[in-house]
Amino acid sequence: MQQLPRSMPAFVDLLAAGEDPVVSEAEVLLRESIADGSLFYVPLKHSRALAAATRTVSGLASDDLPCPTGVGLQPLAAPTATGATWRLISWREEAEYLRLMSVDFTVHLTEDGSALEVLETAVEKLRCAPDDSFSDGSGALDGLGACLAGMLELVPVREPVSTRQNPTSTPSPATSEAKSRTDRGVRLIYPTRSALGSEGPPEEGGGARIGRWSVRGHWRRQWYRSRQTHERIWIEEHEAGASDASVAQLRKVFIIAPRSLRQG
């Protein structure tokens, strides 16, 4: 836990690696989400902003989801000298429902290292309304739905200034940190709302697309001529480019922070 967010892929893999043949609904959903979804991380220093966003969020719709399946790691309280309390929340969008699962746990700091204590596990299923919004049977949004909506509410709106378009500008600390960690098998991405869920640039290199690259999962508005309408569909992560080239396999973690990238 001391190596977060870079260690998040290893941490969730460890949680999903249980060998118990009898697993709960929560464990099944968590394993499915880890296997198929993207990873999102809210830093501890933004715990108060997350709590405020969760209390005031007005709704959650299909268009708000950055991907149909995902896992988020959220702080539940500001850290203390003896440890920190977290919530691991996962979601999976289905035809008529949004399935949610959470595990609340505390990481206690000890003289020998750290110890994890599971506090509570929860599972919820929200119905999708005709307008593509999610709610419980009463039409309200609370519980895990509000937690997920609050996390997504923290994604900054303002687009950063692209250093690729303006070579004389100075990279922000957030951008520099993401680049400096891509050689450790994990890429940290600081998205804006317009970029989250989009195709994004090639995962490796810069400038023109040469050789082979990874295209991250993204939403697309697909035109169906027979029905004369567009529908929002999810395009899974895939590789593109020259078939005889290779792509470095990087695990990606999206850092959710209530600030623009230009502010660092």
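Please refer to the structure placed before this passage.
None of these values were measured; they are calculated from a predicted model. (Residues numbered from 1 in each chain as written. Predicted model: local features only at pLDDT ≥ 70, side-chain atom pairs only at ≥ 80, totals over all residues. Heavy atoms only, no water.)

Re the sheet that holds strand S6 (residues 134–135)
Taken in spatial order, the 8 strands line up as S6-S5-S4-S3-S2-S1-S12-S7 in an open sheet, and their pairing is mixed. Sheet topology places S6 and strand S7 (186–189) at the edges, where each strand pairs with a single neighbour. Where strand S4 (residues 97–110) meets strand S5 (residues 113–128), 14 bridges bridge the pair, whose relative direction is antiparallel. Within the sheet, the bridge partner assigned to Tyr97 lies in S5 and is Arg127. The sheet strands contacting helix H1 (residues 8–15) are strand S1 (38–41), strand S2 (69–75), strand S3 (83–93), S4, S5, S7 and strand S12 (251–255), and the helix crosses S1 at an angle near 115 degrees. The strands touched by helix H2 (residues 25–36) are S1, S2, S3, S4 and S5; relative to S3, the strand with the most contacts, the crossing angle is about 80 degrees. (Pairing = 2+ DSSP bridges. Helix = DSSP H or I, 4+ residues; strand = E, 2+ residues; numbered from the N terminus. Contact = heavy atoms within 4.5 Å. Axes fitted to C-alpha atoms, helices over the stretch in contact; angles between N-to-C directions.)

Some words on the nonpolar core
The biggest cluster of nonpolar side chains holds 30 residues, and the ones touching the most others in it are Phe40, Leu60, Leu65, Trp91, Leu98, Leu148 and Met151. Secondary structure elements with two or more residues in this core: helix H3 (47–56), S3, S4 and helix H4 (143–153). Ranked by residues supplied to this core, first place goes to H4 with 7 residues. Once you skip the residues sitting within four places of it in the chain, Met151 turns out to touch Phe40, Val42, Leu50, Gly72, Gln74, Trp91 and Ile256. (Core = buried A, V, L, I, M, F, W, Y, C linked by side-chain atoms within 4.5 Å. Buried < 20%, exposed > 50% of the residue type's maximum accessible area, 1.4 Å probe, protein only.)

A closer look at the packing of H3 against H4
The axes of two packed helices give the description: the angle between them and the distance between them. At a closest axis distance of 8 Å, the pairing of H3 and H4 adopts a crossing angle of 120 degrees. With respect to H4, the element H3 is oriented oblique. For the crossing formed where H3 meets H4, the hand is right-handed. The residues of H4 that touch H3, namely those facing Leu50, Ala53 and Thr54, are Ala146, Cys147, Gly150, Met151 and Glu153. (Parallel < 35°, antiparallel > 145°, perpendicular 65-115°, else oblique. Left-handed = near helix turned anticlockwise from the far one by under 90°.)

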